[in-house]
Amino acid sequence: KAGVTQTPRYLIKTRGQQVTLSCSPISGHRSVSWYQQTPGQGLQFLFEYFSETQRNKGNFPGRFSGRQFSNSRSEMNVSTLELGDSALYLCASSSDLGRGASPLHFGNGTRLTVT
Amino acid sequence: QKEVEQDPGPLSVPEGAIVSLNCTYSNSAFQYFMWYRQYSRKGPELLMYTYSSGNKEDGRFTAQVDKSSKYISLFIRDSQPSDSATYLCAMGGTSGSRLTFGEGTQLTVNP
């Protein structure tokens, strides 16, 4: 089974621009989550989508948004980029067994650098 | 105070040593516990997934959960240089897939 695929692997943007990151989950997984990883803050939860609906949202400003398509693929968008948005953005999918926190399977991330 | 506390290390051990990694947490709503391994420039890889208190073993890895003390551990037996990575503990509640992560412990196993 193919793992979680994230594209692109690397991105360099300038302040004020916007960016869209893409994620293809493991086949059959309907839950997709996004995390931001930085050296100072570690892994922080951005949001989770399940069956095209946002089910959970972390404490990030509204500049961070996402969506999920009917095939479970997901995108996240960051508008008006700031230097502090430089991070590794990780997508994870899970089978969501409906009985609590399911194990997440991560992609290798998109490394975003804002200059 | 963070919900999940994990000593960031770095931790350096000789090959063959037993490694003990630990996390404490404060949120009683956490019921599911995981350990991930992350190599440089890679995403986290799931190592262990547990629900109840007690031990779970998988090869050289043993995960231990003590809900009464809000303390979880990961033991690595016969450590290998290929185990050199950052180890992250993660915890979740009873709804959805939102996990709270520790900041990770950087482990180096020296040949």
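Residues numbered from 1 in each chain as written. Chains lettered and ligands numbered in written order. Predicted model: local features only at pLDDT ≥ 70, side-chain atom pairs only at ≥ 80, totals over all residues. Heavy atoms only, no water.

K.L.:
So what's going on with the interface of chain A and chain B? Residues and values would help.
P.N.:
Contacts between chain A and chain B engage 27 residues on the former and 20 residues on the latter. Buried surface at the junction of chain A and chain B, summed over both partners, amounts to about 1,900 Å²; 52% is from carbon and sulfur atoms. The largest per-residue losses of area from chain A upon contact with chain B belong to A:L43, A:A101 and A:F106, which jointly make up 28% of the total buried on that side. Linking chain A to chain B there are 6 residue pairs in polar contact (both at pLDDT 80 or more). Only strand 4 (31-38), strand 5 (42-50), strand 6 (53-57), strand 9 (87-94) and strand 10 (105-106) of chain A provide two or more residues apiece to the side of chain A that touches chain B. No other element matches strand 4 of chain A, which puts 4 residues into the side of chain A that touches chain B. Looking at the side of chain A that touches chain B, its residues break down into 10 nonpolar, 11 polar and 6 charged. (Contact = heavy atoms within 4.5 Å. Buried area = accessible area lost by both parts, 1.4 Å probe. Polar contact = N/O pair within 3.5 Å; in protein donor to acceptor, adjacent residues only side chain to side chain. Helix = DSSP H or I, 4+ residues; strand = E, 2+ residues; numbered from the N terminus. Nonpolar A, V, L, I, M, F, W, Y, C, P; charged D, E, K, R; others polar.)

K.L.:
Please provide a residue-by-residue account of the pattern of salt bridges, values included.
P.N.:
For the structure shown, the criterion picks out 9 salt bridges over all chains. B:E103 is the salt-bridge partner of B:K2, the closest N and O atoms lying 3.6 Å from each other. On the criterion of sequence distance, the pair formed by B:K2 in the segment before strand 1 (4-6) and B:E103 in the loop between strand 10 (99-101) and strand 11 (105-110) is long-range, its members being 101 residues apart. Take B:E103: its relative accessible area is 39%, and that puts it in the partly exposed class. Between B:E45 and B:R37 there is a salt bridge whose closest N-O contact spans 3.1 Å. Given the relative accessible area of 34%, B:E45 is considered partly exposed. Linked through salt bridges whose partners overlap, the residues forming this network are A:R63, A:E82 and A:D85. (Salt bridge = Lys/Arg side-chain N within 4 Å of Asp/Glu carboxyl O. Buried < 20%, exposed > 50% of the residue type's maximum accessible area, 1.4 Å probe, protein only.)

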